[in-house]
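Report on the structure
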Amino acid sequence: MDRSALTRTVRGLWDDDILPSLSDLVALPAVSPAFDPAWAEHGHLAAAVEHVRAWLATRDLPGVAIEVVRLPGRTPLLLVDVPATAATGDTVLLYGHLDKQPPVANWSEGLGPWTPVVRDGRLYGRGAADDGYSGYAAVAAVEAVRAAGGEHARCVVLLETGEESGSPDLPAYLEHLRPRLGEVSLVVCLDSGGSDYDRMWLTTSLRGLAQVTMTVRVLGSGLHSGMSSGIVPSSFRVARQLLDRLEDSATGELLVPEMHVEVPANRLAEVRAAVASAPGALTDPVPWAPGVRPVADDEVELALNAGWRPTLSVTGADGLPAPDDAGNVLRPFTTLVLSFRLPPTADAAAAVEAVRRLVTTDVPYGAVVELSRVEHADGWNAPDLAPWLRATLDRVGEEVFGAPWRTVSLGGSIPFMSLLHEAYPDAQFLVTGVVGPDSNCHVPDEWLHLAHAARVTEAVALVLDAHTRK
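Keep in mind that what you see is a predicted model, and the values were worked out from it rather than measured.

Here we come to the overall build of the chain. Tallying secondary structure elements over the chain gives 13 helices and 18 strands in all. For 470 residues, the compact-globule formula gives about 23 Å, and the C-alpha radius of gyration of the chain, at 24 Å, lands near that figure. Seen through its C-alpha atoms, the chain measures out along the principal axes to roughly 80 × 50 × 45 Å. Burial statistics for the chain: of 470 residues in total, 53% are counted as buried. Put simply, of all contacts in the chain between residues at least 6 apart along the chain, 81% involve residues at least 24 apart. Each charge class in the chain can be summarised by its mean position, and for the 36 positive and 60 negative side chains these summaries are 1 Å apart.

This is how it looks when you write it as structure tokens:
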């Protein structure tokens, strides 16, 4: 394959073809269905799918089949099937998503969630990095392989529209499409990132998740606190006692045995290498309040906390009035949303059952505990890299980035990965992306590093070509 032609093609595609269309995609308020219950009526997800489909229809890919797949009552999915140039019989599945997080307020002056702005090599706007670029990058990698005289197996690009809601429709689509996908031997996921923009980052594990909404109820209605406090137990105090069963409040350590696993030796070695390559990446981008420090001084410990240890965050509450509205009332209930991140190899269902048992058994004062909105998903631990893929990544590090590739144990979750690993246990996985520690995904001022996106695209092209000779 002509390396200079590959680089030239990728950069030309990004400058001339991808950036204008991706900018228009940013302008579409395609908020994920969990944040827009009327998504079907509003039509923004469908508009995003149609926008990318129309762009794909202009590409020079002989024999390509482009289809919008719609199962009843489910968010749409865009499927792009590119015939192989090499007779391998294998299928490469390239994954991304087109739905977005909510806009969120307080974007910087001149920026906005639906206002694409290119500034200093960055494309600002909601969904630019997470994950609107992915479909463009996947198809551009295929085009570049062909333009440079390389080869690729059959490539299927799958772009869903529910990832930011936990991919609830994806299992049904995967089952529906399984006969058409064939023998998937390589999965490329472009919905991740790393600790800097200087190298290729490979995600080798993803934490699982569990979420429980816990309500502690002590009264049928509120009472004057001067008359009833000391007689009726505070629902907040009972909730606090129940939380103490789950978490050591002094250290943040989770007290639920089902949530803990042993960190594999290879992942521990990867974490140490990653921290050494990008010191400060975990703490420097954090917008700390004055005087606040991280939970540990050792960055390796911080990385393990974020990738391989369970955590609890209280992400929402109800039953507590705003301070200006708070009277002298003993409140009837306290509701807390408990969000757990679980180690990649932990059993999420067992963890949820343990939480249920701990907070509903022998409750102080006989208070009523109600659990609702219970959700869970297993994490993912990548299979060992095949020699051909490891060698290709070494080449990518040298030729494309000028720095060795590293790995990241991602604290977030991509439920689709564990689902695909179960479906294709013998496949190799390349989980990567463009998101850096300061890309502002899910918060104001989200941005895409355009040069890094082009380098990731070129790296995927090299992997596609090498895959035909594995």
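According to the stated counting rule, one finds 19 salt bridges in the structure shown. Glu301 is the salt-bridge partner of Arg309, the closest N and O atoms lying 2.8 Å from each other. Taking the shortest distance from any N to any O, the salt bridge between Asp465 and Arg469 comes out at 2.9 Å. Here the salt bridges share partners, and the residues they tie into one network are Arg3, Arg395, Glu399 and Glu458.

Right, let's talk about the side chain of Arg126 for a bit. Mapping Arg126 onto the fold places it in the loop between β5 (122-124) and α4 (128-147). By relative accessible area, which is 0% here, Arg126 ends up buried. One polar contact links the side chain of Arg126 to the main-chain carbonyl oxygen of Val443, over a distance of 3.0 Å.

Turning to the sheet that holds strand β8 (residues 201-206), a few remarks are in order. Taken together, three strands build an open sheet; the order of strands is β15-β8-β16 and the sheet is mixed. The open sheet is flanked by β15 (380-381) and β16 (406-410), the only strands paired with a single partner. Bridge analysis of β8 against β15 gives two bridges, and the strand direction is antiparallel. Bridge assignment links Leu206 to a residue of β15, and that residue is Trp380. Sitting on the sheet, helix α9 (residues 299-308) is in contact with β8, β15 and β16, with an inclination near 55° to β16.

What follows covers the nonpolar core. Formed by 72 residues in total, the largest nonpolar core has its most connected members in Trp14, Leu22 and Leu448. Among the elements that make up this core, the one with the highest residue count is α4 (twelve residues). Setting aside its immediate chain neighbours within four residues, Leu448 contacts Trp14, Leu22, Gly121, Arg122, Leu123, Ala128, Ala129, Tyr133, Val434 and Ala453.

Residue position: Ala138 is located in helix α4. Residue Ala138 is classed as buried on the basis of its relative accessible area of 1%. The sequence separation of Ala138 and Val157 amounts to 19 residues, and the corresponding C-alpha distance is 7.1 Å. With residues up to four places along the chain from it excluded, the contact list for Ala138 reads Leu94, Val157 and Leu190.

Take the UniProt feature "domain: Peptidase M20 dimerisation" (unreviewed entry) in the chain next. As recorded in UniProt, the feature "domain: Peptidase M20 dimerisation" (unreviewed entry) lies at residues 205-361. For residues 205-361, the helix share is 33%, the strand share is 22%, and the end-to-end C-alpha distance is 34 Å.

The geometry of an aromatic ring pair comes down to the distance between the two centres and the angle between the two planes. The tally for this structure, following the rule as stated, stands at three aromatic pairs. On the basis of an interplanar angle of 55° and a centroid distance of 5.4 Å, the ring pair of Trp380 and Phe429 is categorised as tilted. Here the residue Trp380 occupies a position in strand β15, and Phe429 occupies one in strand β17 (residues 428-431), the gap between them amounting to 49 residues. Of the two residues, Trp380 and Phe429, both sit in the buried class. Its end group placed over the ring of Tyr124, Arg119 keeps NZ or CZ at 5.9 Å from the ring centre.

Attention shifts here to a nonpolar patch on the surface. Together, Val286, Trp288 and Val292 make up a nonpolar patch on the protein surface, roughly 240 Å² of accessible area in all. With respect to the helices and strands, the residue Val286 is situated in the loop between α8 (265-277) and α9.

For strand β9 (residues 208-217), the buried fraction is high: eight of the ten residues fall into the buried class. As paired strands, β9 and strand β13 (residues 333-342) are joined by ten bridges and run antiparallel to one another. Among the inter-strand pairings, Leu209 is bridged to a residue of β13, identified as Arg341. Bridge analysis of β9 against strand β14 (residues 368-377) gives eight bridges, and the strand direction is antiparallel. When the bridges of β14 are listed, Arg217 appears paired with Val368.

Our next topic: helix α11 (residues 387-401). Relative to the 21 Å expected for 15 residues at 1.5 Å per residue, α11 spans 20 Å between its end C-alpha atoms, a close match to the ideal helical length. Buried residues of α11: Trp388, Leu389, Thr392, Leu393, Val396, Gly397, Val400 and Phe401, and no others. With its phi angle positive at about 70°, Gly402 sits one or two positions after the end of α11.

Here Thr58 lies in the loop between α3 (44-56) and β1 (65-69). What makes Thr58 exposed here is its relative accessible area of 55%. The spatial distance from the C-alpha of Thr58 to the C-alpha of Pro257 is 54 Å, given a sequence separation of 199 residues.

Their axes nearest at 9 Å, the elements α8 and α9 cross at an angle of 125°. Of the possible angle classes, the one that applies to α8 and α9 is oblique. The interaxial crossing formed by α8 with α9 has right-handed handedness. Residues Arg267, Leu268, Val271, Arg272 and Val275 of α8 form the contact with α9, whose participating residues are Glu299, Val300, Ala303, Leu304 and Trp308. Here the contact of α8 with α9 is built from residues that sort into seven nonpolar, no polar and three charged.

Calculation notes
Residues numbered from 1 in each chain as written. Predicted model: local features only at pLDDT ≥ 70, side-chain atom pairs only at ≥ 80, totals over all residues. Heavy atoms only, no water. Helix = DSSP H or I, 4+ residues; strand = E, 2+ residues; numbered from the N terminus. Rg over C-alpha atoms; globule rule 2.2 N^0.38 Å. Buried < 20%, exposed > 50% of the residue type's maximum accessible area, 1.4 Å probe, protein only. Contact = heavy atoms within 4.5 Å. Lys, Arg positive; Asp, Glu negative; His and termini not counted. Charge placed at Lys NZ, Arg CZ, Asp CG, Glu CD. Salt bridge = Lys/Arg side-chain N within 4 Å of Asp/Glu carboxyl O. Polar contact = N/O pair within 3.5 Å; in protein donor to acceptor, adjacent residues only side chain to side chain. Pairing = 2+ DSSP bridges. Axes fitted to C-alpha atoms, helices over the stretch in contact; angles between N-to-C directions. Core = buried A, V, L, I, M, F, W, Y, C linked by side-chain atoms within 4.5 Å. UniProt positions renumbered as here; feature names shortened; annotations may be inferred. Phe/Tyr/Trp six-rings, centres within 6.5 Å; stacked < 30°, edge-to-face > 60°. Lys NZ or Arg CZ within 6 Å of the ring centre and 35° of its normal. Patch = residues over 30% accessible without salt bridge, like charges linked within 9 Å, V, L, I, M, F, W, Y side chains within 5 Å. Areas by Shrake-Rupley, 256 points an atom, 1.4 Å probe, with all protein chains shown as cover. Expected span 1.5 Å × (residues − 1). Parallel < 35°, antiparallel > 145°, perpendicular 65-115°, else oblique. Left-handed = near helix turned anticlockwise from the far one by under 90°. Nonpolar A, V, L, I, M, F, W, Y, C, P; charged D, E, K, R; others polar.

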